[in-house]
Amino acid sequence: MVEFIMYHYVRDLQKSNFPKIKGLNYSDFIDQINYLIKNYNILSIEDFIENKYSFNKKNCVLTFDDGYIDHYDFVFPTLVKNNIKGAFFSPVDTILENKLLDVNLLHIILASEDENIILKRIKYHYDRIDNSKKLSEYINSINTESRYDNKNTIIIKRLLQTTLPPNIRKKICRFLLEDFVDDNEENLSKSFYLNKEQIKEMISHGMHFGSHGKSHSWFSSLDKNKQEVEIKSSVKFLNSLYQKDYVLTMCYPYGDYNDITLNLLNKYKFKLGLTTIPKTYNKLKNKIFEIPRWDTNDYYPKK
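A. Inspection of the overall build of the protein at higher detail. Within the protein, the secondary structure is distributed over 13 helices and ten strands. Taken along the three principal axes of its C-alpha coordinates, the protein extends 60 × 45 × 35 Å. When burial is assessed residue by residue, the protein has 51% of its 303 residues classed as buried. Partitioning the intrachain contacts of the protein with sequence separation of at least 6 by distance along the chain shows that 68% fall at a separation of at least 24. Total accessible area on the protein is roughly 14900 Å²; 47% of this is exposed by carbon and sulfur atoms. Across the protein, the 44 positively charged side chains and the 39 negatively charged ones have centroids separated by 4 Å.

Listed below in C-alpha cells is the structure:
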C-alpha cells in the first residue's frame, strides 16, 4: 500500500501577492513533512516504480503539480534539508512561453474579489459576448458537489474551465483579469512558475520531473492528434532537461484522461499515470496508469 500525496501551492500566504489564494501555508508544510517523516517511509517515485518499499510499513510519495515557483522557493529547500525526493509536474507552456494557465488565472480572480461579484461580472461579460443561450442554462447543468469548494466557487470554476464554450470562457477570463487585477498576464506568469534553470537545479539534487502536458488541457476534451501533441511536446521538453536516462511519468491535468490517453502513454513508454482520485494505491487493485492520490488537506495538520 502506498499513499500518493498531491500538493499545489505551498507558500507564505499572508506575504504573497494573493493571500486569499487557496494553498498550504509554508509553516503547515513544515509541520506536515515532520509528521510524515515520523509516521511514513517517504519514497521517491523511482523507488515506487522499482518496488523498493515495505508492505509492513506506511509508505508515501510526495507529488507537486503545475510547476509553481513555490516549489523552488519553499518546497525544494525543505526536501533537500530532510533528504526527501519529491516528484514535480510542470506544463511546458508555462516554462517555455510564459503563459498563465487558465486554472491559475481563475485562482487569481477568485482570490481578488467576492464570489457574488465575480458571478455578476461573468453574467455581464457573457451577455455582451453571446445571447444564443442563457447563462442560467449552463449553471443549471453544473454538478456543485465538491470536497473543498462551496457552491458559488464550483459554479465559477466549472463555467470558466469546462462548461462554457472555449472561446467564450477564455474571453471572459481575460475580462475578469482586467476587472479585478492590477497587473498583466505576462508579469503574473513570470511570478508564478518555475523556469528551466530552476528545474535543472532541482533535478541535480534528485528531484523527479514528469509530464503535465503541454498546455494543461483536459485530455478527454481533445482528439487523438491533439492529445498526442500534448504528450509528445512534454516528452521532448523532459528530454531537454535530463542529461541521462530517466523514468517517464504522467500526472494528468485536472486528473482527466480517457482510453486515448492511456494508449498514448503506452506508445511513449510511460511508467505510470497519476489521477486525482482520493484513495490509497493498492498494487492488487489499482492499474499503474490510474494511480489515486490524496490531497495535502487529508493529512496533518488538517484544516
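B. Seen up close, the side chain of D295. With respect to the helices, strands and loops of the structure, D295 is situated in strand β10 (residues 294-295). There is a polar contact of 2.7 Å between the side chain of D295 and the side chain of N297. Not counting chain neighbours up to four residues away, the residues in contact with D295 comprise I5, M6, R147 and Y148.

C. Looking closely at the environment of A111. Along the chain, the position of A111 falls in the loop between α5 (102-110) and α6 (115-129). A relative accessible area of 10% places A111 in the buried class. Through-space distance from the C-alpha of A111 to that of F180 is 9.6 Å; in sequence the pair is 69 residues apart. Those residues in contact with A111 that sit more than four places away from it in its chain are F18, K20 and I21.

D. Local environment of the nonpolar core. Membership of the largest hydrophobic core comes to 44 residues, with the highest contact counts inside it found for L62, L79 and F209. Broken down by element, the residue count for this core peaks at five residues, all from helix α12 (residues 224-241). Not counting residues within four places of it along the chain, the set of residues in contact with L79 comprises F29, I33, L62, F64, I84, G86, F88 and M207.

E. Just helix α3 (residues 70-81), in detail. Here α3 is twelve residues long and its end C-alpha atoms lie 16 Å apart, about the 16 Å a rise of 1.5 Å per residue gives. Those residues of α3 not exposed but buried are D70, H71, V75, F76, T78 and L79. What you see down the axis of α3 is that its buried residues fit within an arc of 165 degrees, all on one side. Contacts made by the buried residues of α3 are with β2 (10-11), α1 (26-39), β5 (59-65), β6 (87-90) and α11 (196-204). Where α3 ends, the next residue or the one after it, N83, has phi of about 55 degrees, a positive value.

F. Examining the pattern of salt bridges more closely. Per the stated rule, a full pass over the model turns up 16 salt bridges. With a closest N to O distance of 3.0 Å, K214 and D93 form a salt bridge. In this pair, K214 is assigned in the loop between β7 (208-211) and α12 and D93 in helix α4 (residues 92-96), connecting sequence segments 121 residues apart. Classification of D93 as buried rests on a relative accessible area of 5%. Between E97 and K99 there is a salt bridge, and its shortest N-O distance comes to 3.3 Å. One continuous salt-bridge network, built from bridges that share partners, spans D93, E97, K99 and K214.

G. Representation of the packing of α11 against α12. Relative to each other, α11 and α12 sit at 65 degrees, their axes nearing to 10 Å. Contact residues: α11 offers K196, I199, K200 and I203, while α12 offers F237, S240 and L241. Tallied by class, the residues present in the contact of α11 with α12 amount to four nonpolar, one polar and two charged.

Each value, and the rule that gives it
Per chain, residue numbering runs from 1 following the sequence as it is written. Under the rules for a predicted model, residues below a pLDDT of 70 receive no local features and side-chain atom pairs below 80 are neither given nor counted, while totals for whole chains, interfaces and linings still include all residues. Only hydrogens and water are removed before side-chain values are computed, so all heavy atoms of the structure are retained for them. Helix and strand definitions follow DSSP, with helices as H or I runs of at least four residues and strands as E runs of at least two, each counted in order from the N terminus. Summary of the burial criterion: residues with accessible area below 20% of their type's maximum are buried, those above 50% are exposed, and those between are partly exposed, where the area comes from a 1.4 Å probe applied to protein chains only. Only heavy atoms enter the contact rule, under which two residues are in contact if any of them lie within 4.5 Å. The Shrake-Rupley method, run with a 1.4 Å probe, gives the accessible areas here. Residue values count only the displayed protein chains as cover. Counting rule for charge: Lys and Arg are taken as positive, Asp and Glu as negative, and neither His nor the chain ends is counted. Every charge is mapped onto a representative atom, which is NZ of Lys, CZ of Arg, CG of Asp or CD of Glu. Counted as a polar contact is a pair of N or O atoms within 3.5 Å, where, for protein atoms, one must be capable of donating a hydrogen and the other of accepting one, and residues adjacent in sequence contribute only when both atoms are in side chains. Side-chain atoms within 4.5 Å are what join buried Ala, Val, Leu, Ile, Met, Phe, Trp, Tyr and Cys residues into a set we call a nonpolar core. Here the expected length of a helix is defined as 1.5 Å per residue gap, with one fewer gap than residues. The arc in question is traced by the directions running from the helix axis to the C-beta atoms. Salt bridges, as used here, are contacts in which a Lys or Arg side-chain nitrogen is within 4 Å of a carboxyl oxygen on Asp or Glu. Only the stretch in contact is used when a helix axis is fitted, and all axes are lines through C-alpha atoms; the angle between N-to-C directions ranges over 0 to 180 degrees. Gly falls in the polar group here, along with every residue not listed as nonpolar (Ala, Val, Leu, Ile, Met, Phe, Trp, Tyr, Cys, Pro) or charged (Asp, Glu, Lys, Arg).

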